[in-house]
Amino acid sequence: MFEYELQQMRSSELIREAQNHRQAQEALRGRRVARRAAARESGQNDSEGQAHSRRPRRHRFARAA
């Protein structure tokens, strides 16, 4: 009987943990959506796909002599 109670407690703990994880993921998704919507409204997303810095991209390998 003791093992059954331990299993029930562990089961309910895992269910609560999963629910907390789902809520955290949902909140994260909501923040991302809000941030993207705000960026879209402010016009910051015009240069989509460009690098974050203004420096030109360096070549991966040095030129041969």
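This text follows the structure it describes.
The structure presented is a predicted model; accordingly, all values stated were derived computationally and were not measured.

### Digging into a nonpolar patch on the surface
Then step 1. A contiguous nonpolar surface patch, about 330 Å² in accessible area, is contributed by Phe2, Leu6 and Met9.
Then step 2. Position of Phe2 among the secondary structure elements: in helix H1 (residues 2-42).
Then step 3. The exposure class assigned to Phe2 is exposed, which follows from its relative accessible area of 56%.

### Here's the deal with the pattern of salt bridges
Then step 1. Following the criterion strictly, the structure yields 1 salt bridge and no others.
Then step 2. One salt bridge in this structure joins Glu13 and Arg10, with 3.3 Å as the shortest N-O distance. Here Glu13 and its partner Arg10 are both found in helix H1, 3 residues apart, which amounts to about one turn of the helix.
Then step 3. Relative accessible area serves as the criterion here: at 42%, Arg10 is assigned to the partly exposed category.

Quick notes on the rules
Residues numbered from 1 in each chain as written. Predicted model: local features only at pLDDT ≥ 70, side-chain atom pairs only at ≥ 80, totals over all residues. Heavy atoms only, no water. Patch = residues over 30% accessible without salt bridge, like charges linked within 9 Å, V, L, I, M, F, W, Y side chains within 5 Å. Areas by Shrake-Rupley, 256 points an atom, 1.4 Å probe, with all protein chains shown as cover. Salt bridge = Lys/Arg side-chain N within 4 Å of Asp/Glu carboxyl O. Helix = DSSP H or I, 4+ residues; strand = E, 2+ residues; numbered from the N terminus. Buried < 20%, exposed > 50% of the residue type's maximum accessible area, 1.4 Å probe, protein only.

Everything listed is a geometric property; what it means functionally is a separate question.
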